[in-house]
Structure formats: structure tokens, C-alpha cells
Amino acid sequence: MEVERRRVGWNNMFSGKMRGDMEENQWCGRTRVLLMTRRHQRVTRFPYTTLFRSKGEGENHLHAFAGKIQVTSFRPSVIFGPGDNFLNRFARLLKITPLFFPLACPNSRFSPVYAGDVASSFVNALTDKTTYGEKYDLCGPHEYSLKHLTEYTCELLNIKRNIIGLPNFISHLQAAFFEYIPGKPFSIDNYNSLKVDSTCHTSNPQTTALEAIAPSYLGAKNSICEIDLLRKHLAN
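What counts as what
- Per chain, residue numbering runs from 1 following the sequence as it is written.
- Per-residue local features are limited, in this predicted model, to residues with pLDDT of at least 70; the limit for side-chain atom pairs, both in listing and counting, is 80 or more; totals at the level of whole chains, interfaces and linings are taken over all residues.
- With hydrogens and water stripped out, all remaining heavy atoms of the structure feed into the side-chain values.
- Each residue gets one of three labels from its accessible area relative to the maximum for its type: buried under 20%, exposed over 50%, partly exposed in between, using a 1.4 Å probe on protein chains only.
- The helix count covers DSSP runs of H or I at least four residues long, the strand count covers runs of E at least two residues long, and both are numbered beginning at the N terminus.
- In this context, the arc is that of the directions from the helix axis out to the C-beta atoms.
- Contact between two residues is taken to exist if any of their heavy atoms lie within 4.5 Å; hydrogens are not considered.
- Working definition: a ring pair exists when centres of Phe, Tyr or Trp rings (six-membered ring for Trp) sit within 6.5 Å. Plane angles under 30 degrees give stacked, over 60 give edge-to-face, the rest tilted.

### Focus: helix α6 (residues 168-178)
The complete set of buried residues in α6 reads S171, Q174 and A175. For α6, the buried positions fall inside an angular range of 100° around the axis, keeping them on one side. The exposed set on the far side of α6, more than 90 degrees from its buried face, consists of F169, L173 and F177. Packed against the buried residues of α6 are β4 (100-103) and α7 (188-194).

### Structural notes on helix α3 (residues 87-96)
The set of residues buried in α3 consists of L87, N88, F90, A91 and L94. The arc that holds the buried residues of α3, viewed along the axis, is 160°, so those residues lie on one side. Looking at the buried side of α3, the elements it contacts are β4, α5 (146-157), β9 (162-165) and α8 (210-213).

### Regarding the packing of aromatic side chains
Applying the stated criterion across every chain yields a total of seven aromatic pairs. Both rings, one in F80 and one in Y114, keep their centres 5.7 Å apart while their planes meet at 35°; by these two values the pair is tilted. Here Y114 lies in strand β6 (residues 113-114) and F80 lies in strand β3 (residues 79-80), a separation of 34 residues in the sequence. As far as the burial class goes, F80 and Y114 line up, both buried. Three or more aromatic residues link up through ring pairs in this structure, and these residues are F86, F90, F101 and F110.

Following this line, the structure appears as C-alpha cells:
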């Protein structure tokens, strides 16, 4: 059985509705091209992950036009783990921000899911025929506000910051400004995604809690703990 594993990136070069329309069309178009290409290559299995609306449209195209390709799609909440681009990003920003930290969309809610659980879901689905054609939400066992997660990151880093939640219109202005800063710490796309809670309505959440993993890669001893975590994962 041949399996397609692909991560598609899209660089934002435009703004406003034009960018949103182009991004949506790009994802849907790429999905159709992927299906045609993989059919030619005789790919029979296609695990797929989606986060935003345009990628969700791509997910629908995959399920509708897959043909003989067996598709299973996953919709994770924010993913955490060593090297993640979520808690680590906040950690970097918190370290360079003195005294107080202006936080956009502080009441946005997440059910962070561990990267290892997401990977296991992918692997288990490859040979499980009951997952063919299914769409799965992937969330961790607990739900948090963005402000709580930022405060928890401060706690792990052993630093004190006054987290100031911004109202929506200032959050939007912050995103519009930060989008042009090198490294793009916060963007309009990020702001739009924060307007919708990233939580799940499922009775079977993933089991690994944020508190069980995050201390291993954030904080003063993160390098040693990260190696220990990797060893435990490989041992399993």
C-alpha cells in the first residue's frame, strides 16, 4: 500500500478579501491536482489534516472526488510538543517583552492536542478500514483560554509578565501591524483563526494533557528534558 504524505505551504503575498479568495481557490485547486496526480501514481491511502476554512474546502474536495483513493481526514486543535510553533512562539515573545504582554483575542479557546497523539492517529488510520472516508476532530483532554495558556507559559519560563487582553478592534490592528514585521509573529490569518474557538465536541478526546508534556521542553532545563522525552517516545 502506497501512502501519500504531504505538507503544503502557502505564502501570503496579498491582503484583505483578495488574499482570502486566492488562498481558498489555491487550496481547492491544489487538492484537485493532488488527487489527479496520486491517482496516476496509484496511491491508495491519503491521510489529510485541515485547520482553516479554505483547507476545509480542500478536505471536502478530497472526500467527494477521491475515487479509489481511501481518504481519512483529521482536524486537530492547536498542536503542542517539542519544537511546536505555538507555546514556543509565545515563549520567545514573552522573553523579549518587558513587564506587560499585549495579547490579542485573549478569550479564544483551545483544546491543545499532543503531536505524538496526532501522529499515532495518522498511523493507526493507515490500516484501519473503519476510518476510510471519515473526518476526525483531534483535541486534548482539556480546554483553555488563550490568556490562560499564555500565563501558563510564563509560569513554565519562570518569568513574570502582566498579560493584558486586547479588545477585538485593537487585536485586528495589532495583527495588521505585526504582519509586516520580519518573522510575522502575528498575522491577519492568525487573527481570523482566533475568532473561532479551536475546540472539539467529541466524547473521545486524546489522552495526553498539556501539563504532562509542556514542562519538558519549556523552561531552563528544556534541552535535557526534551532528550528524555524523545527517549521515552522511542522506547514505546
